[in-house]
Amino acid sequence: MTPDWSQRRIGTGSGVDGLGVTVHELDSGVAGPTVLVLGGVHGNEVGGIVAAGQLAQTRWPLRAGRLRVVPVTYEAAYYADSRVGPGDGLNLARVFPGRPGGSTTERLAHLVGEELLRSADVLVDLHTSSPDTDMPLFAGCLDDGSAAANRAVELALAFGAPMVWTHPRLGPGRTLTMARDLGIPAIYVESPVGGVLDAGYLQAYVSGVRGVLVALAMLDDAPVGETLSLWVHGDGDADAISQVTIGGMFRADVALLDRVEVGQIVGTVVDSRARPLEQVHAAHTGHVVILRRLARVSPGTPVAGIAPARPELLGLPSDRLVRTSGACRLSAKGGGA
Ligand SMILES: [Zn+2]
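A few points on the structure. Here the structure is a predicted model, which is why all the values come from computation and not from measurement.

What counts and how
- Residues numbered from 1 in each chain as written.
- Predicted model: local features only at pLDDT ≥ 70, side-chain atom pairs only at ≥ 80, totals over all residues.
- Heavy atoms only, no water.
- Helix = DSSP H or I, 4+ residues; strand = E, 2+ residues; numbered from the N terminus.
- Buried < 20%, exposed > 50% of the residue type's maximum accessible area, 1.4 Å probe, protein only.
- Contact = heavy atoms within 4.5 Å.
- Areas by Shrake-Rupley, 256 points an atom, 1.4 Å probe, with all protein chains shown as cover.
- Axes fitted to C-alpha atoms, helices over the stretch in contact; angles between N-to-C directions.
- Parallel < 35°, antiparallel > 145°, perpendicular 65-115°, else oblique.
- Left-handed = near helix turned anticlockwise from the far one by under 90°.
- Nonpolar A, V, L, I, M, F, W, Y, C, P; charged D, E, K, R; others polar.
- Pairing = 2+ DSSP bridges.
- Donors = N, O, S within 2.8 Å, 3.2 Å for Na, K, Ca; no water.
- Phe/Tyr/Trp six-rings, centres within 6.5 Å; stacked < 30°, edge-to-face > 60°.
- Lys NZ or Arg CZ within 6 Å of the ring centre and 35° of its normal.

This paragraph deals with the overall build of the chain. Broken down by element type, the chain carries 7 helices and 20 strands. In the chain, which comprises 337 residues, the share counted as buried stands at 54%. The long-range fraction of contacts in the chain, counting pairs at least 24 apart against all pairs at least 6 apart in sequence, stands at 69%. In the form shown here, the chain has an accessible surface area of approximately 13,800 Å², with 51% of it arising from carbon and sulfur atoms.

Listed below in structure tokens is the structure:
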């Protein structure tokens with residue numbers, strides 16, 4: 001019999017104070033992994049929120065394990081349409097594992113970490129780009145050689161996004177960082193046009209989580225199709241993000257995912273008469289994975305992030321992505337997958 005969703009509140013809050021969350025759970029009743037899906041760690045990233053909500057409306061025919069979905073992880077930030085906590089200004093994705101006696105954001109991180117993440121076997125954290133800056137559709141994860149990270153890479157591939165971004169290390173305070181410390185495989189997802197509900201990206205998120213459940217043998221279904229076309233590797237945060245040093249209006253001179261050489265012009269800051277004030281150069285050779293969307297910039301605004309292709313890092317041609325039975329692997333010329 002197909003299981004049905006149950007719903008419960010954890011924490012003490014009633015919504016706007018941000019100290020409680022609603023957890024939707026689908027339990028197969030059969031032993032297996034617990035998959036935790038978070039939306040709305042950033043309250044203004046509506047794509048992840050609505051995708052998670054849609055997941056929790058679907059009666060997946062789970063054959064093992066349980067699926068836990070929190071569509072709105074930071075409710076107070078969601079109601080304020082804010083990336084950060086409206087009370088303390090803190091970014092929930094930078095304060096894990098949180099503190100029980102801390103500020104609202106820190107206490108929420110502690111609640112989610114202790115009550116949900118600690119008991120999960122896999123984490124899927126659904127984000128989107130910010131309303132001012134685009135990132136392509138991708139699944140990202142740690143890739144540091146640990147067993148949990150190796151499993152996370154498999155799950156990132158199983159998500160079926162056209163791009164995977166693996167990271168040699170993680171910055172402090174992220175959900176993925178706490179998952180790493182707990183030995184839990186964890187992936188996160190991003191997509192462009194943050195702040196917009198795009199039907200295609202919503203569908204990609206839902207179908208991606210389905211692909212993760214299939215890879216975990218929790219669902220009997222076909223894997224997500226072979227869609228990987230780019231695998232980049234590098235730090236996801238501040239690494240290789242070019243900033244402007246002057247105020248004005250930023251005009252991108254490249255497109256998302258374009259391949260650029262180090263030093264190449266990726267954008268120009270212009271004034272109201274279209275006169276160039278500053279040119280922005282690629283800090284690395286690689287692919288454009290972060291690109292400022294809104295024109296207005298001030299000194300220090302990050303505008304373009306470049307990540308190197310992983311095949312090239314390994315000395316392979318960038319098209320050397322070998323697809324085998326739904327999973328994609330890198331392969332040396334003539335070698336096996
Ligand atoms: Zn986010």
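This next bit is on the packing of helix α3 (residues 104-117) against helix α5 (residues 175-182). The description of two packed helices rests on the angle between their axes and on the distance between the axes. Put simply, α3 and α5 touch, their axes get as near as 12 Å, and they point 45° apart. Here α3 lies oblique to α5, going by the angle between them. Crossing of α3 against α5: the hand is right-handed. Of α5, the residues touching α3 (which contributes G113, E114 and L117) are T175, M178, A179 and L182. Tallied by class, residues from the contact of α3 with α5 come to 4 nonpolar, 2 polar and 1 charged.

Read from one edge of the open sheet, 4 strands run β15-β14-β12-β17, paired in antiparallel fashion. Two strands close off the open sheet at either side, each with one partner strand: β15 (276-281) and β17 (296-297).

Time to look at unusual backbone geometry. The omega torsion of the bond from F96 to P97 falls at 10°, within 30 degrees of zero and hence cis. Mapped onto the elements of the fold, P97 is located in the loop between α2 (75-79) and α3. Positive phi, close to 45°, is recorded for V193, a residue that is not glycine. Within the secondary structure layout, V193 lies in the loop between β9 (186-190) and α6 (199-215).

Within the protein, the atoms that donate to the zinc ion are H42 (ND1), E45 (OE), E45 (OE) and H127 (ND1), at distances of 2.0 to 2.3 Å. The sequence motif formed by the donor residues of the zinc ion is H-x2-E-x81-H. Within this pair, whereas E45 is found in the loop between β3 (34-39) and α1 (46-55), its partner H127 is found in the loop between β5 (122-126) and β6 (133-134), the two being separated by 82 residues in sequence. The same class applies to E45 as to H127, namely buried.

Let's shift gears to the packing of aromatic side chains. Throughout the structure, instances matching the rule amount to 4 aromatic pairs. Aromatic pair F138 and Y188: ring centres 5.6 Å apart, planes at 85°, arrangement edge-to-face. One end of the pair, F138, is in strand β7 (residues 138-142); the other, Y188, is in strand β9, and 50 residues separate them in sequence. The same class applies to F138 as to Y188, namely buried. Through a chain of ring-to-ring contacts, three or more aromatic side chains come together here, namely F138, W165 and Y188. When the ring centre of Y188 is taken as origin, the NZ or CZ atom of R174, which lies over that ring, is 4.7 Å away.

In spatial order, the strands read β1-β2-β4-β3-β5-β9-β7-β8-β10; together these 9 strands make up an open sheet with mixed pairing. Either end of the sheet is taken by a strand with one partner, and the two such strands are β1 (5-11) and β10 (230-233). Going across the sheet, the axis of each strand differs from the next one's by a mean of 20°, ignoring polarity. As paired elements, strand β8 (residues 163-167) and β10 share 4 bridges and run parallel to each other. Within β10, the position partnered with W165 by the bridge is V232.

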